[in-house]
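In case you want the letters, here they are:
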Amino acid sequence: MKLSGAKAIVEALKREKVEVIFGIPGGSTIPFYDALYESDIRHVLARHEQCAAHMADGYARVKGVPGVCTATSGPGATNLVTGIAVAYMDSSPIIAITGQVPRSMIGKDAFQEADIVGITTPITKYAFQVTSASQIPDAIRTAFLLASTNRKGPVLVDVPKDVQLEEVDLDYPEKMMIKGYVVRSGDPHPYSIKKALGLIMSSERPLIIAGGGVIASNASEELIKFAELIMAPVATTLMGKGSIPENHLLSLGMVGMHGRGEANKAVEETDLIIAVGMRFGDRTTGKLDEFARNSKIIHIDIDPAEIGKNIRVDVPIVADAKKALSVLNSKLIEVGSKRTESEWIKRINSLKELFASNYAEKGDGLKPSRLMKILRDCIPAKSIITTGVGQNQMWAALHFKALEPRTFITSGGLGAMGFGLPAAIGAKVASPDRPVFNIDGDGSFLMTEQDLATAVSEGLPVVSIILKNRVLGMVRQWQCLFCNRRYAHTDLGNVPDFVKLTEAYGAEGVKIESYESFESAVKKSLKAEMPVVMEVPISPDEKVLPMVPPGKGLKEVIWYG
Amino acid sequence: MHIIAALVEDRPGVMFKVTSLIRRRGFNIDTITVGSTEKEGVSRITMTVRGDESVVEQLVKQLSKIPDIMKISELKPSDSVYRELAMIKVSAPDPAKRSDILNYITIFRGRVIDASKDSLTIEMVGSPKKINAFLDLMKGFGIVELARTGIVALSRGSKSTSE
């Protein structure tokens, strides 16, 4: 059966069980959209392509399957770039399908031509152009295979307009072989498991650091079991939040630049770090030379290039987190190493007590830490949190206790402001029955605010909690601490009234004036049928603390601003 | 000097993927060459890199993640043969000096591939070290123009890199 290239793409997407595409049509994707029109794939019309990519990303992170976004050639494609870069840094599987000018026009600087394959090559797992319709079935299969296997990540497929119109036989490959790409089994090597066990058994103060890889491989259950078997506290990176319930006795919360005191102190005192699905990023380690100086390191990661990239490792385990942990667990059960209360756990508990008072709220005004606690107490465990980037994100990371994997969705590696709202929309599409809250700042929210229109049009009741401090707070905090309070261009000046703004979009706006009104607004929002935006006034001088200054070791922490 | 050889799929944009990664990750490469192989549809990229073992290991690991790269490995200079071709145009208007140059060419086992009344163009094949030594000698006569290919390499013995 002959069909157009455009229809072949849609058919291929159906074979990949794609239920929804986030995008904006344009000149070079008109044939694709025409084919989409008669399919049962849902289309969510974004208001900016960056948001379409963030939506696909939010969808992917919640659902654990690739999210698909699309944009036209030129500006449509270049607008996707930030969203693709976010997915790349956080290893999130998204597929971007872009239109391109017809083949005969490529390289001629045609209208709305941009070399999107060239532009996105450094920020994708793979980016490629389809140069004839006959390649389409293989191209889509390749894209999904690459995005969703080994270390996951974004893939871009660029399709010239005339290729979309060309006729092709749809011969969809069930299996796909890519010569230079091996889908790893993810099984750990027995030798490295043996070495790791040796270190674990002889360690007196083991510490687990769990990263996004634990969540990507659905390894939470194995992680918790592992921690309990060896009685090791678990700190997480930002991306690892939710891999262990943060109300678990062994949970330490986030480690790193804005890590919790007890987590950073544990890194200093441990004799063995078991790093699972994390990459020793600078925001996690602080100054590398001073990171865990008294400790050996076992590093479990699916990507061999991560081993030894940033830090020397004693035992590398190139494996899927879930598989590696379950092998370790069964070996530990075999040797009967059920540990009980240890001096180390006592020490960890005393550290938690020691630092508890440091988080106490001081001064007037609404405190982000208290707001996060109220939010946690008012919403079900399965609720999904997305965040903007900056102080709002770090307050959420420090004080909101994530209880389940895939419930804390944030732009970790790239740190892209504006991520919160569109990611929340994607999350809500992925999981319509769960409440979705976007914890955001006023600066961050204003970067993608137009997609409130998408949420309203699609009837998606996502709730944005805007911590409105009228400044670009994180930069201002650095200016306060490291630039002698020279607040260069971080005052936002005229910040809109978010209640009025929200109402103009046809959504519901709520002004929050007290903890009580916040609590009742959160509870009410659980039943909302339209998007809700809460405007929460925060002092511009409110800081994210503790903080380890950039380039310093984790022990050089600042507690008071 | 580290030599890295990669077998890649021969399609448009592969060289770009490789050089883009090298640039993005801040690696320093001295030379890079690409050409066909014994297999249709497969090209071979040979590059030389400066840096310690860990740098080279990281480069190989990162490059091997590119789906177009089918095989990549480091060729240890002691276990491989490697050659570079240089073409050197040397100023030689003076007959006495011209005969000196011709002597050096014989010693270094090079060849004259073009001559004019004022110049000689020399083809020199060998290790980069040998070529550098020859160039040092030629500097005294005046090098008008120089083109070098960068090295290509094969492992010693009967095994092939693709095995």
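Residues numbered from 1 in each chain as written. Chains lettered and ligands numbered in written order. Predicted model: local features only at pLDDT ≥ 70, side-chain atom pairs only at ≥ 80, totals over all residues.

Bringing the overall build of chain B into the picture now. The helix and strand inventory of chain B stands at four helices and nine strands. The order of helices and strands in chain B, counted from the N terminus, is β-α-β-β-α-β-β-α-β-β-α-β-β. Its C-alpha atoms give chain B principal-axis dimensions of about 55 × 35 × 30 Å. Burial statistics for chain B: of 163 residues in total, 25% are counted as buried. Partitioning the contacts of chain B with sequence separation of at least 6, the portion at a separation of at least 24 is 72%. (Helix = DSSP H or I, 4+ residues; strand = E, 2+ residues; numbered from the N terminus. Buried ≥ 20, exposed ≤ 12 C-beta atoms within 10 Å, placed from the backbone. Contact = placed C-beta atoms within 7 Å.)

Residue and element names in this part refer to chain A. Taken in spatial order, the six strands make up an open sheet running 16-15-17-18-20-19, and their pairing is parallel. Edge positions in the sheet fall to strand 16 (408-409) and strand 19 (508-511), since each has one partner strand and no second. Here strand 15 (residues 384-387) pairs with strand 16 via two bridges, running parallel. Pairing of Ile 385 across the sheet is with Phe 408, part of strand 16. Across the sheet, helix 17 (residues 391-399) is in contact with strand 15, strand 17 (436-441) and strand 18 (463-468); its angle to strand 17 comes to roughly 130°. (Pairing = 2+ DSSP bridges. Axes fitted to C-alpha atoms, helices over the stretch in contact; angles between N-to-C directions.)

Attention shifts here to the domain arrangement of chain A. Residues and elements named next belong to chain A. Assigned domains of chain A: these are domain 1 (2-169), domain 2 (190-356) and domain 3 (365-537). Opposite the six residues of domain 1 that make contact, domain 2 presents six residues. Of the residues that constitute the side of domain 1 that touches domain 2, the class distribution is no nonpolar, three polar and three charged. (Domains from an automatic or database assignment. Nonpolar A, V, L, I, M, F, W, Y, C, P; charged D, E, K, R; others polar.)

Let us now look at the sheet that holds strand 11 (residues 251-254) of chain A. By way of backbone hydrogen bonds, the strands of a sheet pair with one another, either parallel or antiparallel. All names here are of chain A. Strand order in the open sheet made by the six strands is 11-10-9-12-13-14, with parallel pairing throughout. Bordering the open sheet on either side are strand 11 and strand 14 (315-318), each of which pairs with just one other strand. Adjacent strand axes in the sheet meet at a mean angle of 15° when their direction is disregarded.

Let us look at the interface of chain A and chain B. Interface size, as often reported, equals the accessible area lost upon joining of the parts. With 14 residues of chain A at the interface, the matching set in chain B holds 16 residues. Residue classes in the side of chain A that touches chain B are distributed as eight nonpolar, four polar and two charged.

Attention now moves to the environment of Ile 140 of chain A. All names here are of chain A. Of note, Ile 140 is situated in helix 7 (residues 136-148). For Ile 140 and Ala 52, which are 88 residues apart along the polypeptide, the C-alpha to C-alpha distance reads 19 Å. In this structure, Ile 140 is in contact with Ile 9, Ala 12, Leu 13, Glu 16 and Val 157, ignoring residues within four places of it in sequence.

Looking now at helix 5 (residues 81-89) of chain A. Burial within helix 5 of chain A is extensive, with eight of its nine residues counted as buried. Looking at the buried residues of helix 5 of chain A, the elements they touch are helix 3 (49-63), helix 4 (75-79), strand 5 (94-100), helix 6 (116-120) and strand 7 (155-160) of chain A.

So, on to the pairing of strand 19 of chain A. All names here are of chain A. Across four bridges, strand 19 lies against strand 20 (residues 532-537) in parallel orientation. Within strand 20, the position partnered with Val 510 by the bridge is Met 534. Chirality of the crossover, the property in question, places the unit of strand 19, helix 23 (residues 515-525) and strand 20 among those that are right-handed. (Right-handed = clockwise from strand over helix to strand, strands pointing away.)

For the rest of this paragraph, the subject is the packing of helix 16 (residues 368-378) of chain A against helix 23 of chain A. Residues and elements named next belong to chain A. Relative to each other, helix 16 and helix 23 sit at 35°, their axes nearing to 10 Å. Helix 16 and helix 23 meet at a crossing whose hand is right-handed. Note on element contacts: helix 23 touches helix 16 through Tyr 515, Phe 518, Glu 519, Val 522 and Lys 523, opposite Arg 370, Leu 371, Ile 374, Leu 375 and Cys 378. Broken down by class, the residue content of the contact of helix 16 with helix 23 amounts to seven nonpolar, no polar and three charged. (Left-handed = near helix turned anticlockwise from the far one by under 90°.)

Below, the discussion takes up the packing of helix 3 of chain A against helix 5 of chain A. All names here are of chain A. Following both chains from N to C, one finds helix 3 and helix 5 inclined at 25°, their axes separated by 7 Å at the closest point. Taken together, the axis directions place helix 3 and helix 5 in an arrangement best described as roughly parallel. Contact residues: helix 3 offers Gln 50, Ala 53, His 54 and Asp 57, while helix 5 offers Thr 82, Gly 83, Ile 84, Val 86 and Ala 87. In terms of residue class, the contact of helix 3 with helix 5 is made up of four nonpolar, four polar and one charged. (Parallel < 35°, antiparallel > 145°, perpendicular 65-115°, else oblique.)

Turning our eyes to something else, we now look at the domain arrangement of chain B. Residues and elements named next belong to chain B. Domain annotation of chain B identifies domain 1 (2-75) and domain 2 (81-152). On the domain 2 side, the residues contacting the six residues of domain 1 number five residues. Considering every element that reaches the side of domain 1 that touches domain 2, the biggest residue donor is strand 2 (residues 29-36), with three residues.

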